[in-house]
Every structure is written in structure tokens, then in C-alpha cells.
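Survey of secondary and tertiary structure
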2 protein chains.
Amino acid sequence: MPAMSHRLDITFHALADPTRRAILSMLLEDDMAVSDVAEPFEMSLAAVSKHLGILSRAGLISQERRGRVKWCQLEPDALRDASIWMQSFGQFEAVNLDAFEKFLAAEFPGNSDATGQDG
Amino acid sequence: MPAMSHRLDITFHALADPTRRAILSMLLEDDMAVSDVAEPFEMSLAAVSKHLGILSRAGLISQERRGRVKWCQLEPDALRDASIWMQSFGQFEAVNLDAFEKFLAAEFPGNSDATGQDG
DNA sequence: GGCATATTCAACCAAACGGTTGACGAAACC
DNA sequence: GGTTTCGTCAACCGTTTGGTTGAATATGCC
């Protein structure tokens, strides 16, 4: 596996954008069509389509065409390498569940607007 | 904490570069001066200095000036939020130690060249 | 003081990013 | 068959990125 590092580049880069993280959060709840993914964002469908392409190339989501609708599905396994890479820096063997809850409350306020964006 | 999402942007972006991940790996072993961090890389000192600035602004390292030498120290706590964010995607409550070992062997071959870069 | 060492700053560059728009292709509906 | 819907493509645009170089700013040494 020579390109291990490159895969990490792709994964972390994909995660480094709030829109893309918001999309992943949305897909946590259910598979979605591209248009439905795009709907809550104040940007063009083409822009969201690009984001989905980046997530897809990173392996973080998969896309399956059914009829004219393209369904997007979370592929959380792709986070594994990145997560494991982080583990190599210690500290995280036992994630503090308390901190986790607080974090979620801050990152996904109300969970009705689980976008990971400010506001 | 309104800018939680922005912090994640910064952290993931900092991690999305192989040079910067290599630097973090080097700092795992020991604190280092800027010049010593730069030495193994085939790029200018100024470039490495910029990378260190990015890592520092992300909180992933701290820098302390002693005399004319600036020492760089790993700050693994900054990975916590990013790590926790990943936990929200499930899958990782129990990291597979076996996978972890294999990963380390691939990412840091021999551990004498723990750069995280290809080759 | 004068010179070497350690690090950053400033200006610049090519390439990539995140977005837009308009055209296009493919599937579905009537 | 014509039109609408879904999604991508291509071209473009301003900004950011990751790198370079040379000058500037400490600090340490003799």
C-alpha cells in the first residue's frame, strides 16, 4: 500500500470543509438523493454535486443511480484510516463520553440543523 | 463556542498535508527545533516554517522560543475535537487493534522513516 | 562591534479550491 | 413526442495553497 499517505490527504481534505461535513451529517440519518442533499444549502446544485464528488472520491460516501435519481449513502468505513491515524497520537483510547455529548450539542445544535455550520 | 465548525476546518485542513503529518509524526518522538524539523525535507526552511505556522494555528503544536531557537512540541489534545467528530459516525467505539498495527506498519514503515510520505 | 546562526517576512508564482453560469444527456411523465 | 426533472460537464472567476527567493530580525559567539 504505497499511497496510504495520499489516501489520508484525500480523506482529511474532504473533511476540511463545513459543507461537506454537513452533508455527511445529513447522510447519517438516511440515504438521500443529490437534489435533496443540495436543498438546504445556499449554493447551486452544481456546487453541491462537486462536493459530493469529492466525498465520493474520498470513499466517504457511495453513489448509486436508480432511474434518474442518484442516491448518496454514507460510507463510514472510509473514516477508519483517518481515525486510526489520529489514534497513533495517543490520548484517545477512551473517548470521554461527557465531552462527546457537549461536543455534539455544540456542533449539531438541536439536531434539527445538524449542519456543523456556525449559527 | 460559535466557531466550532471553523476549528474543525482548521484542524482537518492542517492534517490534509503529508508534510504536516510527517512533522507531527516526528514530534511524537521528541520536541524539535524548527531547523531540525526542516532538515529531512526537500524544501526550503521558509516552507517548513509556514507548515509549522499552520500546525500551530490549528493548535496541533506549540512553539516556545528559547534563545534564538524555537522549539516545537506536539499538542495532541487539539486532535480531540476532530477525533470526537469522527466518533459521531459510529464505527469506532472499539478500534480494531489489529487493523491499527497493520496501519502503522504501512504508514510508518520501519519507524525509522516515520514520515507518512510515500516511498 | 562584527559575524554567524535561527527564524520569519514579503513578494511572487503556478496550481488547486469553491463557487458561478449555461449547456448538455438521460430518465420520467403526460 | 415534447417537456420537465435530475444531475453533470465545461468554462470561467476570485481566493487560497504550497512552494520559491531574498531581505529582515533576532540571538549567540568571539
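The shown structure was predicted, so the numbers you read here are calculated from the model rather than taken from an experiment. (Residues numbered from 1 in each chain as written. Chains lettered and ligands numbered in written order. Predicted model: local features only at pLDDT ≥ 70, side-chain atom pairs only at ≥ 80, totals over all residues. Heavy atoms only, no water.)

Notes on the confidence of the model for chain A
Per-residue confidence for chain A gives a mean pLDDT of 81; residues scoring 70 or more make up 72%. Within the model, the stretch residues 111-119 of chain A combines pLDDT values under 50 with 21 contacts to residues more than four positions away or in other chains. (pLDDT = per-residue confidence, 0-100. Contact = heavy atoms within 4.5 Å.)

A closer look at the pattern of salt bridges
Residue and element names in this part refer to chain A. Under the counting rule described, the total for this entry stands at 4 salt bridges over all chains. Across the pair Glu-64 and Arg-66 runs a salt bridge, and its minimum N-O distance is 3.1 Å. Classification of Glu-64 as partly exposed rests on a relative accessible area of 45%. We classify Arg-66 as partly exposed; its relative accessible area is 47%. (Salt bridge = Lys/Arg side-chain N within 4 Å of Asp/Glu carboxyl O. Buried < 20%, exposed > 50% of the residue type's maximum accessible area, 1.4 Å probe, protein only.)

Some thoughts on the environment of Phe-89 of chain B
Along the chain, Phe-89 of chain B turns up in the loop between α5 (79-87) and α6 (97-107). Discounting chain neighbours no more than four positions away, the residues touching Phe-89 of chain B are Leu-24, Ser-25, Leu-28, Leu-74, Pro-76 and Leu-79 of chain A. (Helix = DSSP H or I, 4+ residues; strand = E, 2+ residues; numbered from the N terminus.)

As for the protein's contact with DNA strand C
Around DNA strand C sit 23 residues, and of these Lys-50 and His-51 of chain A together with Ser-35, Ser-49 and Lys-70 of chain B come closest. The contact in question runs from a sugar or linking oxygen of DNA strand C to an N or O atom on the backbone of Arg-68 of chain A, over 3.5 Å. The contact in question runs from a phosphate oxygen of DNA strand C to an N or O atom on the side chain of Lys-70 of chain B, over 2.6 Å. Elements with a contribution of two residues or more to the surface near DNA strand C: α4 (45-57) of chain A together with α3 (34-38), α4 (45-57) and β3 (69-74) of chain B. Among the elements that make up the surface near DNA strand C, the one with the highest residue count is α4 of chain A (5 residues). Tallied by class, the residues present in the surface near DNA strand C amount to 9 nonpolar, 6 polar and 8 charged. (Near = heavy atom within 4 Å. Polar contact = N/O pair within 3.5 Å; in protein donor to acceptor, adjacent residues only side chain to side chain. Nonpolar A, V, L, I, M, F, W, Y, C, P; charged D, E, K, R; others polar.)

Some remarks on the sheet that holds β3 of chain B
All names here are of chain B. Taken together, 3 strands build an open sheet; the order of strands is β1-β3-β2 and the sheet is antiparallel. Every other strand in the sheet has two partners, leaving β1 (32-33) and β2 (61-66) as the edge strands with one partner each. Bridge analysis of β1 against β3 gives 2 bridges, and the strand direction is antiparallel. For Met-32, the partnering residue across the bridge sits in β3 and is Cys-72. Along the sheet face, helix α2 (residues 18-29) touches β1, β2 and β3 and points at about 90° away from the line of β3. (Pairing = 2+ DSSP bridges. Axes fitted to C-alpha atoms, helices over the stretch in contact; angles between N-to-C directions.)

What to know about the packing of aromatic side chains
Summed over all chains, the structure comprises 3 aromatic pairs over all chains. Here Phe-12 of chain A and Trp-85 of chain A contribute two aromatic rings whose centre-to-centre distance is 5.8 Å and whose plane-to-plane angle is 75°, an arrangement assigned as edge-to-face. Here Trp-85 of chain A lies in helix α5 (residues 79-87) and Phe-12 of chain A lies in helix α1 (residues 4-15), a separation of 73 residues in the sequence. For the residue pair Phe-12 of chain A and Trp-85 of chain A, the accessibility class agrees, reading buried in each case. An aromatic cluster is built from Phe-12 and Trp-85 of chain A together with Phe-12 and Trp-85 of chain B, whose rings are joined through pairwise contacts. (Phe/Tyr/Trp six-rings, centres within 6.5 Å; stacked < 30°, edge-to-face > 60°.)

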